[in-house]
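Coordinates in review
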Amino acid sequence: MTEFGATLSSQNLKKYRALINGLQCDASSSETIDMICPSTGLPYATIPRCSAADVGKAVSSARSALESSEWSRMSAGERGQCLLKLAELVEANKDHLAELESRDTGKPLSQGYGDIAAAVQYFRFYGGAADKITGETLPIATDYLAMTVREPHGVVASIVPWNYPMQIFARVAGASLAMGNTLVVKPSEDACLSVIETANLALEAGFPAGTLNILTGLGEEAGAALSYNPEVDFITFTGSPDVGAMIQSAAARNHIGCTLELGGKSPQILFEDADLSKALPIIQDCILKNGGQTCSAGSRLLVHQSRWEEAVDTLRSSFRSVVSGQYKDCLDLGPLINASQLRRVNAFCEQAEADGITLIGEGTIAPDAPTEGYYTTAKVYGPVPIDHPLAQDEVFGPVLSVIPFRTEEEAIRIANGTAYGLVAGIWTKDIVRATRVAKAIRSGQVFVNTYGAGGGVELPFGGVKKSGHGREKGFEALKEFSVLKTIVVSHA
Ligand code: NAD
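Residues numbered from 1 in each chain as written. Predicted model: local features only at pLDDT ≥ 70, side-chain atom pairs only at ≥ 80, totals over all residues. Heavy atoms only, no water.

**Section: the pattern of salt bridges**
Following the criterion strictly, the structure yields 23 salt bridges and no others. Here Lys-57 and Asp-54 are joined by a salt bridge, their closest N and O atoms 4.0 Å apart. With Lys-57 and Asp-54 both in helix α1 (residues 52-67) and three residues apart, the pair spans about one turn of that helix. Judged by its relative accessible area of 46%, Lys-57 falls in the partly exposed class. You can call Asp-54 buried: its relative accessible area is 2%. Taking the shortest distance from any N to any O, the salt bridge between Arg-307 and Glu-310 comes out at 2.9 Å. Exposure remark for Arg-307: the relative accessible area of 15% places this residue in the buried category. Via salt bridges that share partners, Glu-272, Glu-408, Arg-433 and Arg-436 belong to a single interconnected network. (Salt bridge = Lys/Arg side-chain N within 4 Å of Asp/Glu carboxyl O. Helix = DSSP H or I, 4+ residues; strand = E, 2+ residues; numbered from the N terminus. Buried < 20%, exposed > 50% of the residue type's maximum accessible area, 1.4 Å probe, protein only.)

If you want it as structure tokens, here you go:
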């Protein structure tokens, strides 16, 4: 039985289709992939299993659209208008899209609504920004006029993960379409239905056929074929570091650029003067949001030894009150995305306990959560040795590792002591210390006395080290999704 009281056989699963050249289509092989609801463990829809042949069609469609007069003669302002219209359409469909996003990913419905609202903001931001990108004039010798202009890369390939399908799709599509690129998007086979539906809304918003193509399928098939396709001009990838390295090699093979938005093991540093009553609820929220399956989750909490007992006591009781449940009912924590993610997260916890690390506090699973769903409890461990996998590796689950420190230097050393560098949080009333530590941390973003799990639409976002390179969001993304050309005119 599903949570809606009906048993679905594979014949009556809702069929979603890829979108190529403005047409909804099946895979050329007619093969499909079942979409499994993380809350129930049951299939509820199918998507086409696109192959390399379908990748070829989608990329050709994006190339033809790029060269068509309909797109190439559209002004930046007109592209912006299409994005603003798309924002309106997504907003008008927010109830349906939020439900779809939550069912697909397992995240609580309130978070599904948050993701759709963020997608609307991305389309609005880039809709408004489209005609505000300017070049420069450059002072060279007097008989010349020298200037720079920004041009689109051409055909952009975008590979999207399952944790925030709608948000990541919207930030990439918003910025790259605003700049005049055309797109082929390969969303995740684990969660992609909101992306398919939004791309269909984009046609209604006025984007010409072929400017935005959605290619569903498996990573190692459709994703790999897309990343190696020689007709692609730029790749933007969000996902795991291992696949990111493959994407980088594919981009190098074709001598094109790429942005990689990868994983994280982000530290939160609580200094001795931190306001714990403000900090701890935010820290807890930022590790539990989306089941901890957030690249920017603050998964390591570094606590000054003078505040250890207080922090641990508070976390023990607050984690105990966290209940995991079905996306429709739960306020705190939904299920994880799939069975293998659940096994992976549980394996980290079993290893930690076998190694003698103390489980400080643990939540519960709602008694009515379907037994076949991918539920786990919220957990907080500590003290975690700094070289333990729980302190070094991305768990991607609702698991917080607490680590004590004595001095500022030690805190910085521990914070910088992983392979990642995505986000960091600093909690102190001392602004001089906050500034000094913010400068010493190697990461793409630093928050002081707050933690924005990625921040607002306006803020550039990206990593260093194993967290990737390039910046998305904000105006920086418009630079990433364009090429700077220098033009020099002699008027002698
Ligand atoms: P993943 O790397 O397994 O998959 C991401 C996408 O890549 C999916 O669409 C998948 O189908 C595709 N893919 C898989 N193998 C491929 C291949 N060989 N060639 C081309 N494409 C392939 O990642 P995931 O499990 O979906 O997402 C979790 C990871 O994403 C975590 O590490 C997380 O931190 C990271 N992430 C980063 C950000 C960020 O902005 N930095 C945001 C969200 C998620």
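**Structural notes on the UniProt feature "active site" (unreviewed entry) in the protein**
UniProt tags Glu-261 as "active site" (unreviewed entry). Here Glu-261 shows up in strand β12 (residues 257-261). Excluding residues that lie within four positions of it along the chain, Glu-261 makes contacts with Arg-171, Phe-237, Thr-238, Gly-239, Phe-461, Gly-462, Gly-463, Ser-467, Gly-470, Arg-471 and Glu-472. (UniProt positions renumbered as here; feature names shortened; annotations may be inferred. Contact = heavy atoms within 4.5 Å.)

**A closer look at the site of the ligand**
Val-160, Lys-186, Glu-189, Ser-240 and Glu-394 are the nearest of the 30 residues found near the ligand. In this structure, an oxygen atom belonging to the ligand sits 2.7 Å away from a side-chain N or O atom of Lys-186. Burial of the ligand by the protein chains amounts to 90% of its free accessible area of 850 Å². Breaking the shell around the ligand down by element, the ones donating at least two residues are α6 (165-178), α8 (219-228), β11 (234-238) and α9 (241-253). Per element, the largest residue contribution to the shell around the ligand is four residues, and it comes from α9. Counted by class, the shell around the ligand contains 17 nonpolar, eight polar and five charged residues. (Near = heavy atom within 4 Å. Polar contact = N/O pair within 3.5 Å; in protein donor to acceptor, adjacent residues only side chain to side chain. Areas by Shrake-Rupley, 256 points an atom, 1.4 Å probe, with all protein chains shown as cover. Nonpolar A, V, L, I, M, F, W, Y, C, P; charged D, E, K, R; others polar.)

**Some details on the nonpolar core**
Formed by 84 residues in total, the largest nonpolar core has its most connected members in Val-90, Phe-123, Tyr-126, Leu-193, Leu-212 and Ile-214. The greatest single-element share of this core, amounting to nine residues, is contributed by α6. Apart from the residues within four sequence positions on either side, Val-90 is in contact with Leu-97, Ile-116, Val-120, Phe-123, Met-166, Thr-198 and Leu-201. Leu-276, Ala-311, Trp-427 and Phe-461 belong to the second largest nonpolar core, which has 30 residues in total. (Core = buried A, V, L, I, M, F, W, Y, C linked by side-chain atoms within 4.5 Å.)

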